[in-house]
Structures are given as structure tokens and as C-alpha cells.
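For reference, the chains in residue letters:
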Amino acid sequence: MQKPLFNQAFLLKMMKISLTQCFLAFVLVLQSLAHNGKAQDLLEKKVSVNLQNVNMQDAISEIGKVADAKFFYSSKVILSDKKISLQVQNQRFSEVLSQVFSPLHISYKVYGNQIVLNSVIEETKTQDHDNVMPAMPIADPISGKVISVKGETLPGVSIVVKGTKRGTSTEVDGSYKINASKGEVLQFSFVGYQNQEITVGDNNEINVTLVEAASQLSEVVVIGSRGQPRTDVERAVPVDVLSAKELQATGQVELGQMVQFNSPSFNSAKTGINGVANYADPATLRGLSPDQVLVLVDGKRRHQFSALNLNVTVGLGTVVTDMNSIPSLALDRVEVLRDGAAAQYGSDAIAGIVNLGLNKSVGKGTFKTQYGITKMGDGGTYMGALNYGFKLGKEKSYLNMTLHYQHANGTDRSDFYNPRPVAGGTYTGIYSSTQATDEATRKTRGVWGEYGTFKVTKYGSNQNTAYQGFYNLGYPINDKWNLYSFGGVSAKDVLAYGFFRVANPSNANSTPEIFPDGFTPELPGKTIDYSSVVGLNRKVIDGWNLDFSAGYGYNYLDLWANNTVNPSMGASSPTDFYVGRSAVGQTTLETNISKNFKGLLGTKNTNIAFGSQFRAEQFLLKQGSPESHQVGPLATSKNKAPGSSGRPGIAPADETDATRNNIGVYADVESDITNKFLIAAALRYENYSDFGSNVSGKLAARLKLSENISIRGSINKGFRAPSLQQTYNSVTTSTVQAGAIIQTKQLPNSDPRLAQLGIEKPKAENSLNYNLGITAKAGDKFLFTLDAYQIDITDRIILSERMIVNSIAALKPLFPGISEIRFFTNHINTRTRGIDFVTTFNHKFNSKSKLTASLALTFNETKLTSQKPTPSLLQAGTSTKILMIDTVSISLIETAQPRQKILASVGYQINKFNANVRASYFGPVTAWEKPVGRPHITQTFGGKTLIDVALTYAFSPKLSITLGSNNITDVYPDRVLANFAGYTNGQIPFTRNANQFGFNGAFYYVNATINF
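Everything numeric in this text was worked out from a predicted model, so none of it was measured.

1. Details of the pattern of salt bridges
Okay, so step 1: A complete count under the given rule lists 44 salt bridges for this structure.
Okay, so step 2: Between D795 and K763 there is a salt bridge, and its shortest N-O distance comes to 3.7 Å. Taken together, the residues D795 in strand β36 (residues 782-799) and K763 in the loop between α13 (752-756) and β35 (765-778) connect sequence positions 32 residues apart.
Okay, so step 3: Taking the relative accessible area as the measure of exposure, D795 reaches 15% and is therefore buried.
Okay, so step 4: Residues R802 and E820 are paired through a salt bridge, measuring 2.9 Å at the closest nitrogen-oxygen approach. On the criterion of sequence distance, the pair formed by R802 in the loop between β36 and β37 (803-804) and E820 in strand β38 (residues 820-822) is long-range, its members being 18 residues apart.

2. Digging into the pairing of strand β21 (residues 381-390)
Okay, so step 1: Two elements, strand β20 (residues 365-374) and β21, share eight bridges in a ladder whose sense is antiparallel. Each bridged residue has a counterpart across the sheet, and for G372 the counterpart in β21 is T381.
Okay, so step 2: Between the antiparallel neighbours β20 and β21 lie six residues, among them G377 with a positive phi of about 90 degrees.
Okay, so step 3: Where β21 meets strand β22 (residues 398-408), ten bridges bridge the pair, whose relative direction is antiparallel. Counted as the bridge partner of N387 is T402 from β22.

3. Describing the environment of F677
Okay, so step 1: Relative to the elements of secondary structure, F677 occurs in strand β30 (residues 677-688).
Okay, so step 2: Placed 24 residues apart in sequence, F677 and A701 show a C-alpha to C-alpha distance of 7.5 Å.
Okay, so step 3: Every residue in contact with F677, bar those within four places of it in the chain, is listed here: S671, D672, A701, R702 and L703.

4. What to know about the sheet that holds strand β7 (residues 158-161)
Okay, so step 1: Sheet architecture is open: four strands sit in the order β8-β7-β10-β11, paired in antiparallel fashion. Each end of this open sheet is capped by a strand with a single partner; those strands are β8 (167-169) and β11 (196-199). Recorded for the sheet is a direction-independent mean angle of 20 degrees between the axes of neighbouring strands.
Okay, so step 2: Looking at chain direction, β7 and strand β10 (residues 185-189) are connected through four bridges and run antiparallel. Its bridge partner being in β10, V161 is matched across the sheet by L186.

5. Topic: the sheet that holds strand β16 (residues 293-297)
Okay, so step 1: Pairing in this open sheet of five strands is mixed, and the strands run β13-β18-β19-β16-β17 from one edge to the other. Where the open sheet ends on each side, the last strands, each with one partner, are β13 (239-243) and β17 (300-301).
Okay, so step 2: Alignment of strand β18 (residues 331-337) against strand β19 (residues 352-358), held across six bridges, turns out to be antiparallel. In the strand pairing of β19, L337 is matched with I353.

6. Focus: helix α4 (residues 93-101)
Okay, so step 1: All of the buried residues in α4 are F93, S94, V96, L97, V100 and F101. All buried residues of α4 lie within an arc of 160 degrees about the axis, which places them on one face of the element.

7. Some words on the nonpolar core
Okay, so step 1: With 30 residues, the main nonpolar core has L255, V259, M323, V334, V354 and L356 as its most contacted residues.
Okay, so step 2: Broken down by secondary-structure element, the contributors of at least two residues to this core are α7 (255-260), β16, β18, β19, β24 (481-497) and β36.
Okay, so step 3: When near neighbours in sequence (up to four residues on either side) are disregarded, V334 contacts D240, V241, L242, L247, L255, V259, V354, N355 and L356.
Okay, so step 4: Among the nonpolar cores identified, the runner-up in size contains 26 residues, and L43, F71, I84 and V88 belong to it.

8. Structural notes on the packing of aromatic side chains
Okay, so step 1: Within the structure shown, the criterion is met by 29 aromatic pairs.
Okay, so step 2: A centroid spacing of 6.4 Å and a plane angle of 80 degrees characterise the contact between Y688 and F719, whose relative ring orientation is edge-to-face. Of this pair, Y688 sits in strand β30 while F719 sits in strand β32 (residues 709-720), and the two are 31 residues apart along the sequence. Take Y688 and F719: they sit in the same class, and that class is buried.
Okay, so step 3: Each ring, one from F784 and one from F837, has its centre 5.9 Å from the other, and the planes form 35 degrees; the classification is tilted. Taken together, the residues F784 in strand β36 and F837 in strand β39 (residues 824-846) connect sequence positions 53 residues apart.
Okay, so step 4: Taken together through their ring pairs, the aromatic side chains of Y417, W448, Y451, F454 and F500 make up a single cluster.
Okay, so step 5: Against the face of Y789 rests R286, its NZ or CZ located 3.6 Å from the ring centre.
Okay, so step 6: Lying over the aromatic face of Y556, R581 brings its terminal NZ or CZ to 3.7 Å of the ring centre.

9. A few points about the side chain of T606
Okay, so step 1: When you line up the elements, T606 lands in strand β28 (residues 605-622).
Okay, so step 2: Judged by its relative accessible area of 7%, T606 is buried.
Okay, so step 3: Among the polar contacts listed, one links the side chain of T606 to the side chain of S671, at a separation of 2.9 Å.

10. Details of the pairing of β36
Okay, so step 1: For β36, a buried count of 13 out of 18 residues is recorded, marking the element as mostly surrounded by other parts of the structure.
Okay, so step 2: Between β35 and β36, which pair antiparallel one after the other, the connecting turn spans three residues, and G779 there sits at a positive phi close to 60 degrees.
Okay, so step 3: In the sheet, β36 pairs with β39 via 16 bridges, with the strands oriented antiparallel. What sits directly across from I797, in β39, is N826.

11. Some points on unusual backbone geometry
Most peptide bonds take the trans form, and the phi angle of most residues other than glycine is negative.
Okay, so step 1: Notably, N967 is not glycine yet its phi reads approximately 60 degrees, a positive angle.
Okay, so step 2: Relative to the assigned elements, N967 resides in the loop between β46 (959-966) and β47 (1003-1011).
Okay, so step 3: You can call N967 buried: its relative accessible area is 5%.
Okay, so step 4: For T984, which is not glycine, the phi dihedral falls at a positive 50 degrees.
Okay, so step 5: Along the polypeptide, T984 turns up in the loop between β46 and β47.

Criteria and thresholds
- Residues numbered from 1 in each chain as written.
- Predicted model: local features only at pLDDT ≥ 70, side-chain atom pairs only at ≥ 80, totals over all residues.
- Heavy atoms only, no water.
- Salt bridge = Lys/Arg side-chain N within 4 Å of Asp/Glu carboxyl O.
- Helix = DSSP H or I, 4+ residues; strand = E, 2+ residues; numbered from the N terminus.
- Buried < 20%, exposed > 50% of the residue type's maximum accessible area, 1.4 Å probe, protein only.
- Pairing = 2+ DSSP bridges.
- Contact = heavy atoms within 4.5 Å.
- Axes fitted to C-alpha atoms, helices over the stretch in contact; angles between N-to-C directions.
- Arc of directions from axis to C-beta.
- Core = buried A, V, L, I, M, F, W, Y, C linked by side-chain atoms within 4.5 Å.
- Phe/Tyr/Trp six-rings, centres within 6.5 Å; stacked < 30°, edge-to-face > 60°.
- Lys NZ or Arg CZ within 6 Å of the ring centre and 35° of its normal.
- Polar contact = N/O pair within 3.5 Å; in protein donor to acceptor, adjacent residues only side chain to side chain.

Written out as C-alpha cells, the structure reads:
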């Protein structure tokens, strides 16, 4: 009987092919037909080539350049280091190709102007083998397609039958054909991707998805180099590359915390009752300040947060860049450059750079949802995020969009209120400082129970709700010019709390007429963040790369103070206040030009880059409601504090609208002198309209001792310009220090009274950054990098100590009616020394089972090396030495961040099940207090290890479920000693004057990821 043309199995197989695949195949056919003429034109093209003893890889690049053709090939197809010489004049391109590749047994196929190289080692006919070896099983034709995880076709992938000389490579559409018998193993390899082995079974069609080497051993990055992308062993500077998969695997929902548990030098922890730090997490690199790390998005400068941190915590007197305003699903990777880079990217890059690489995927989407809760039953967190990428009608076009929503309930780790935590200590009752009177009133009122049984505030992570959207667009206008744009919007509502205000009538912050039993201020804040960058880039025929871009970023923070009073207004005070707004805007115009020269001055290749940037910045302070800053009649008659208690409002006199602009130009040279020796240098000049100019420079080198071992080093002269917030901030704030609530006047440096005291306006900080390291790898399994560094900072900008007006003779005539002042000044020099060590290991047991492991650590120390003398005009008339910086502020620089951090992780995957265990050690931190009239006292909080566990089961390639726990052993920091004023009668059991790892205990979560 005649065999049917279409049997049932064939029909079922065809039904499994997606419409997308069919459309792609149709397009490829049309392209092939359309390009036949173009391919023939290319082969007939007359070219001239002059190559003298250059390696094969560079020769192919040069040949492609002169013919305007693009080559695709695997490194296993050609001998990259083989030297060739070629000199032809006005010869047909087809003849040149044959002359170069035929002697090397390399074939080529032409598709338009794309050329796929393949090794001519495909097996000979079976009968030829019969003459020299025993009969073998007849090999069957195997075919399929190789793509990346992003769905991109991969031409030039090397495919070899393991243990034989049979091999081929993929065509321009990613397809391949090879003869192989059942049981034989196909090896797939391609530069920049993980190798993969597949055993041939009954199916003659084998489609393969190669995974990029991101987070593996040979990750290619651009940050830190304006030349060609380089892998770990090739870099002259240290870079941590965190893939999107690694970020998501932490079980965290905010980007800052994701990086915290992946990069050893990066530190960011949640805080409570801590001013501006409630609304944007301080994040640091190499133990320096939050404003000494520059954040980029796809290589473009990110704007900062608007408000200045004036509380006694890490980052005192600095502004942060709010990384949590960007949804993590919008990212493809995060690159952490652990080296100074001001000469390349401008101000703020003293400690290094965090570059957020955006997702460009198209034709696929991801939906992720997660819910988690702490062991204590609070902090319930829900997150839902969606990412999808669209093609815009042209090859290489994309529009990738992300939506993100999260809501986290607050946590509370405060202790029960105790009016006398230490026997014999000061009694601080809710109603009276006399115990008998206080106890009698408490019982009569009947609102509070026995002391030691109730809490009066909430100290923990703040309740927050976030709505975020981000986009990333790329569109090729023609063969050369490309349009790109990215940006987004973030809105966050945060509810923080202040310290409890007692009802004692003699207390400056009490208003028994309104709150007869005391009160706890509620401090809501709403921060809006939006940004957009639009640019054009082009690579012209002679090799020059052009990039022009314009960007704008804006952030504002609106603050309120509710459930509180203006004590100086007494019974007439409202209980809800609008505190005011801080806002910052940044406009950038940027031009970058570069070109790679092969063989320039005898070098292997030399990349020359130069460019300029214009940046305009604006800082705004807008007043709050009148009652939030009003000085009421009780301020003088009963010594009651003015302004809304918990957060005084911005007064009309403090309103600010400050602007400045900056123009910077740079030049950058990076050269592979030989295959082994790389050297790079950069120089940048910047001029600021408000304080002047600065020059920074960089010199870096890398020497390959072998293909797998390199040594590297760099020297950087960097700088950080004072922020507009530091220069122009003018706010009256309330802080709690040593148990007392104090109001302080922050002076802008434009205040003429500071000049009368000999206080100069802040100028740029300057730094010298030294880095020396070694890198090594063993195949595709093992890698380690070890880097030692030293960062010297001179003229470091600090927020001065609180200057008590009545205690300093020079201040009394200048600041009547103000209790104390603060200002910014370049007063200290510091030195930071440390080492970073990173190692990774990967082993694949078979196609369904693999092991990954990593160990990363940092040891560092920051020391204040010298101080400038107190200005004589300020000291005049005061016998006691006036300190510009004292023990508490010094400790925030030297001891408030862990000097040691170790991250170790192990992951094992078998079939559809994946298990990951991560241990994170945070070294000890020390907090200082200076009680009134007494020497300073310190407490050290010991190092702790947190264990995270995540178990994932992939039901299908489209659905996976993860059960996990962060800090599964429920570890807390050491508790504040009760005899410390910072314990605040039990309100603060875990220090807020240091930043270790948070204090929420164990967190359990479940999440689902759907790919479509």
C-alpha cells in the first residue's frame, strides 16, 4: 500500500511549530532570495588587502572591514592566534576568501553581506571508513536550530561529534545538519556562551538553547572601558557582573537588597526611625559614603534623590541615588565597577560605579509574583511584576517594557517601654519624672498598662507601597543609525514613625491639652521619580562610533507629620501637617566618539575615545503648611518646641531654588600593545558654575602571564563635587541624640555669616585610588580574582558637629534665637584600604544535572588620617576647643559599616529541581555615643552569618515555583545595651547608628515565575 504523504506523527509534529517559528522561517526564505543578488555582488566586489604577520582573528576583522561584510564563526573553527600575511590589490572578494580559507580547510557561505565560516571536517562517505576500520552503525542525519535564551538565532556555533573529527557550524539562521548515530554526543560551543553536550536519541531533530556566560566565567562587560568588551581575565579593573537570574534568586523584591546579597563590596540595609533614610536606602561601595558611588543606567548618569540625610546614621550629610526606584525585571544585569572612574564618567565615582544594564529581549515575557512574611508575623510583602518585549517591525528593534507593584507592611522590633531601663538611672515616665506621681497618673488614666507590657512606637522596616514602570527602546533608522531611548516612572508611599512624645507637661515636646497620654508622630512620605534618555548612535564605514544623547531625571519628596502637634501652639495646634517638598532635577547632553585602530603604531589594536557632557542641575525646597514651622506663643512662655514635633516644616526663609551647570570633556585611550599587554589612560576636565574646575586622570594596565592568568593594576585621580543639597540645603530639623530631641538649623553655604566665621564654601573632594590584582581561570569551571586597593580622599566634605550657639562666643551675635547650627565643610582626609576576593566554580555532571558554587569576600578599613584646624574666627573668644567633627560622626565614617563581608553560595540542579543555599557574613560594627558632660562610650555589635535557602521546581519551561527563606536561622544583630541613651527606654533595641544587615529576623516567601 502506498505510504501516505502526511502521517499522524508528522501532523502532530507540525502542529507543535509555533506561528512565530513559521513566520521566522518564511522571512528567512524571503531574505535568502532577496540576498542572492547582494551576495553575488559581494563576491564579485574588488578589494585590496595588506596584512603582515597578523593573527587570524584580526585578519578576518580587517577583511570584513574592507569588504563591508560581517563574519560569523566559532573560535574552534579558526586558529585565532595563527599568523598570516596577505597582500592583494583590486582582487575579487571570492578569490580573497578562497586564498585565505581554503588552505586552512575552512568553508564559507554568503548570505547578503553576512559570511558564515565552517570547518571542512565533515565525515567522509561511509565506504571510505570501511577500508580502514571496522563497520560502524550507520549515522543518521541530525538537524535543528541553535538559539540564545533571548530567542536570537546564533550563526557560527561549533557542533562536533564528541570523540570524532565530524563537525559543522550553524548557518546564518542558526540551523545546522550533521550525521551522528544514536548514543553519540553532540558538543555545542560558541564564544560568550556556556558549552552544552546532548546525547543523540531517537529524535532526529535537536534544537538547542545556549545560555550566555553571564554570571559564569567569561562574562563580557563594557563598564570601566570605552574600548572593546572584555572578559574577567582580560579586564584591567575589577567588575562584579550580576545577571538578572542571580538578582531574582535572592528572594528580595527591591534592587538594592538584591545587589546587597550578591556583591561583597556593596552594602545597603533597611533602617527605621531615621529621617530621610526612611524613604531612600543608603547604599555604599567599599565602605565609603553613598554619594561616592556613581550610578549609571546603560552607561548614562542617573539622577540623585532629592533629600539630604541629616540623621545620625551611615551617610550622614549625603544624598543617595535611589536604586529601588527601578524595577528589577527591567534589568538584564548589574555591573559593579570596584575602581575609581571619575576620569571616564565624571564626579561621584570615587568608590566605583554601579551600572544597571537594561533588558532588550523581544518576543517573550515574564510575570513574577511573590508573597512573603517574617517569622514574627509582620512585614507581609506582596510583589507583582510583568516584563514583555516587542519588536518594532525591523530586525534588531525592540521595545521592552516593565510594570512593577509591591506593598510591604511595616515591621516592629521595639521593646516594651521602660521608664528606667537601668537601676538607678533617670526616670522617664509618660506623665511625670517623679515615679510616684507618674504611676498614680498612669493608673488613674487607665490608657497604658503596667510598664514593661506595652510598646509606644514602631521601630522596624517602614510600610511602603510602590508603583513602577520602565521602558527600553531601540530602533535602527537605517543600516548605520540607531535610535534608542529608556526611562520610567516610580511612585512610592512610605509610612515611617518618630519617637514617642511623653505627656509630661514640663517636656518641651508635650501638649497634654491635645494628647494627654503622649503620642507617636506618624511621618508619611511620597516620592515621585521619573526620567528619560533619548539618543542616536552610529558606526560609520571608517570605524568611528558616534553617540549623541539627551536625558532628564527628576525626583521629589513630599513629607507630612501626622498624629503630632506644634507644641509651641498649645491647644490651638493642628495634629496633621504638610512639612514641605524637596526636589532635584538633572538635564544631561552628551557626545561620545570612539574608534578602534588595528595596528596603530605597531600595536595590536588601539581604541581612542573622546567626548563631552553638559549637565544642568536644580535643587528646590518648598515650604510646608504655616503651622508646621510656626513659632507659637508657648515657645517663650513655657519653653515649648516650635514646629511640628517629629519633623518641623520648611519655613518660607528656607525655601530654595538653586541651579548650576557643568561642562566636562574627556579623552580615553586603551591599547592592546600585544596579545598579552594592555594599557589604558583617561583624562577628564570639568568646570562647575558654582565652585570652579577639576581635572581627573586614570592609568590602568593588564598583563597576561598566560591565557588563563593575568595581573592588573590601576591608578586613579578622582573627585566628587559637592551636591547642590549640601551647598544650598536650609532646613530646621529635629533629631534624637543621647535620648534628647534637639532642633538644629542647617545653614546653606551661601549664608554670609559663615564667611565671617572663616568657613569656606565646600569645594570638590579629591581622591587617589590604587588597585592591584590577579585573575585566573581553569577552563569553563573555575575562576578567581583577587584585588587589593587603597583610596586616599583629601578635602572630604562633612557635616559639622552641632554648634551650640550659647556655648560659642563667635556665634552669639550672629545667630540670635537659634539654639544650634550646622554646615558643610572640607575638613578631613581619609584613607580606605582593603582586599576583594571573588571565586566561582561550575561543574556539569550531565545535561540534566549541574553544580555551581561561589565565594566572595571583602576586608576593608577606613581611617580618618588628618583634620584641618578649627577656623580661628570661629574659635575666637571660646576657651574650650571647638570640634568640627567628633567621635559619633567619626564612627559613622570608620566603624558603622561592616569591615568584613563574606558571601558563599552553592546551587545544585537536577532535572526540574533546583536548590540554592547562600551564607552571608556581615562583620562587626561599632556605634558611639557622647552623653552630655561625659566622655564618649562605645558598643560593638558582633559579626553575624545569615543563611538563605531557596528551592525551585520548574513544572515546565514556562512555569516555576520557588519556596524560600531569607535568614532562615532567624539571626538578629546584637541588642543595644540598656544603659545606652540610644536604647531610648526600649524604643530602639537594635542600633540605628550603624548599618549592618537589618533587624527583621527570618523571612519566608513563595514566588511564581511565568514565562510566555
